[in-house]
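# Residue-level structure breakdown
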Amino acid sequence: MHKSLRIAAVATACAVVGVAVYGAGAATAHQSTANSTHEPYNIGLLVKDIDTYYGTAPDANGVYQASPTSPYAKDLASLDEAARKYIDQAARKAHHRGEKPAVVFDIDDTLLLSLDYEKRYNYTYNSTTWADYVNRADRPAVFGSPELVQYAEKKGVEVFYNSGLSEAQRSAAVENLKKIGADVNLDADHVFLKDKANPPSYLSACATPGTWTCTTVQYKSGTRAHIEKDLGYEIIANFGDQYSDLDGGYADRTYKLPNPTYFVS
């Protein structure tokens, strides 16, 4: 996953961090930009706000964890409650119409929490340290997300994963998802990862073998289009921590999980 603009665009998220069903357009109200004539937000204060929001603290092994009583956890609980109600209703309607309902989950900071990496590297991104971190396959769960995966399956909804992780990180991603209890449909037909060397034909508009120009939105929406048009599913809900996980259509409803630590355009 290429993580860009870390810390940038987090001020609004820190000031009014929450969860919401995502509509059209990113939430950018009151957010300073590079063209502003005002003094930018202070990064040190933003980091303190982020720590407060997550309830960040090291565990006995020195790994930074989010608190289950934090504002972050409470926001996720609200989202999960709303999503469960919706999935139950939407799944029943889809089955009644003879459709095949599906849900799509992003992985990083939607199912697997990367807070320890963000805190340890001061909210900066390095491809080598990130790859090492992912390959350890020991990230904790985002509160409530594995249970939501299991809930969707119990309601007869097909579960898919649509991640910016690379094909080379597949085994680590699958191992980590199993560890947290999101052990549903973890085969290659359901877990979609970036394969820049041999991209699928349904992304041919922006990717050919050895040449990848897909934006995050093109890649993720193109994958969802494949799930609906080629595989015949109706995506009733799409979950992600970035707006780029959600843009581009091919989902009846989208859910934006809170993440004030980085921004992926």
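Going by the structure above, here's the rest.
The structure reproduced in this document is the subject of the present report. (Residues numbered from 1 in each chain as written. Predicted model: local features only at pLDDT ≥ 70, side-chain atom pairs only at ≥ 80, totals over all residues. Heavy atoms only, no water.)

### What about the overall build of the chain?
Within the chain, the regular secondary structure consists of 8 helices and 10 strands. Residue burial in the chain is summarised as follows: out of 265 residues, 49% are buried. Put simply, the chain shows about 12,300 Å² of open surface, and 51% of that area lies on carbon and sulfur atoms. (Helix = DSSP H or I, 4+ residues; strand = E, 2+ residues; numbered from the N terminus. Buried < 20%, exposed > 50% of the residue type's maximum accessible area, 1.4 Å probe, protein only. Areas by Shrake-Rupley, 256 points an atom, 1.4 Å probe, with all protein chains shown as cover.)

### As for the packing of helix α2 (residues 43-54) against helix α3 (residues 71-96)
For the pair α2 and α3, the least separation of the axes is 5 Å and the interaxial angle reads 55 degrees. Relative to α3, the element α2 is oriented oblique. In this structure, α2 contributes T52, Y53 and Y54 to the contact, and α3 contributes P71, Y72 and D75. Of the residues belonging to the contact of α2 with α3, the class tally is 4 nonpolar, 1 polar and 1 charged. (Axes fitted to C-alpha atoms, helices over the stretch in contact; angles between N-to-C directions. Parallel < 35°, antiparallel > 145°, perpendicular 65-115°, else oblique. Contact = heavy atoms within 4.5 Å. Nonpolar A, V, L, I, M, F, W, Y, C, P; charged D, E, K, R; others polar.)

### A short note on unusual backbone geometry
A positive phi is found at Y123, a non-glycine position, where the angle reads about 60 degrees. The phi torsion at Y250 lies on the positive side, around 60 degrees, for a residue other than glycine. According to the relative accessible area criterion, Y250 is partly exposed, its value standing at 31%.

### So, the state of the cysteines
For the structure on display, the rule yields 1 disulfide. In this model, C206 is linked to C214 through a disulfide, with the two sulfur atoms separated by 1.9 Å. Taking the sign of the S-S torsion, about 80 degrees here, the bridge from C206 to C214 comes out right-handed. Since its relative accessible area comes to 9%, C214 is described here as buried. (Disulfide = S-S within 2.5 Å.)

### A few points about the pattern of salt bridges
By the definition in use, this model includes 12 salt bridges. Each of D88, R92 and K155 takes part in salt bridges that share partners, so that together they form one network. (Salt bridge = Lys/Arg side-chain N within 4 Å of Asp/Glu carboxyl O.)

### Some words on the packing of aromatic side chains
The tally for this structure, following the rule as stated, stands at 14 aromatic pairs. Between Y53 and Y54 the ring centres are 5.6 Å apart and the planes differ by 75 degrees, which places this aromatic pair in the edge-to-face class. Ring geometry for Y54 against Y72: centres 4.4 Å apart, planes inclined by 50 degrees, an arrangement best described as tilted. You can see Y54 sitting in helix α2 and its partner Y72 sitting in helix α3, a full 18 residues away along the chain. Here Y54 and Y72 have matching classes, each one buried. Three or more aromatic residues joined by ring pairs form one cluster here, namely Y53, Y54, Y72 and F143. The ring of Y233 has K100 lying over it, and the distance from NZ or CZ to the ring centre is 4.1 Å. (Phe/Tyr/Trp six-rings, centres within 6.5 Å; stacked < 30°, edge-to-face > 60°. Lys NZ or Arg CZ within 6 Å of the ring centre and 35° of its normal.)

### Focus: the nonpolar core
Counting residues in hydrophobic clusters, the biggest one holds 50 residues, and the most contacted among them are V103, F105, Y161, L177 and F239. When residues of this core are assigned to their parent elements, the largest contribution, 8 residues, is made by α3. Dropping the residues within four chain positions of it, L177 is found in contact with I107, L111, L112, Y161, A182, D183 and L186. Counting residues in each nonpolar core, the second largest holds 13 residues, with F160, C206, I227 and I235 among its members. (Core = buried A, V, L, I, M, F, W, Y, C linked by side-chain atoms within 4.5 Å.)

### Quick notes on the pairing of strand β5 (residues 158-166)
Of all 9 residues in β5, 7 are buried, a share of seventy percent or more. Judged from the 4 bridges that link them, strand β4 (residues 101-105) and β5 form a sheet pairing that is parallel. Bridge pairing links V104 to F160 in β5. Sheet topology note: the β5/strand β6 (residues 191-194) ladder contains 3 bridges and is parallel. Counted as the bridge partner of S166 is K194 from β6. Taken together, β5, helix α7 (residues 170-180) and β6 constitute a β-α-β crossover, and its handedness is right-handed. (Pairing = 2+ DSSP bridges. Right-handed = clockwise from strand over helix to strand, strands pointing away.)

### As for α7
Listed in full, the buried residues belonging to α7 are R170, A172, A173, V174, N176, L177 and I180. Elements in contact with the buried residues of α7: α5 (127-135), α6 (145-154), β5 and β6. G181 lies just past α7 and shows a positive phi near 95 degrees.

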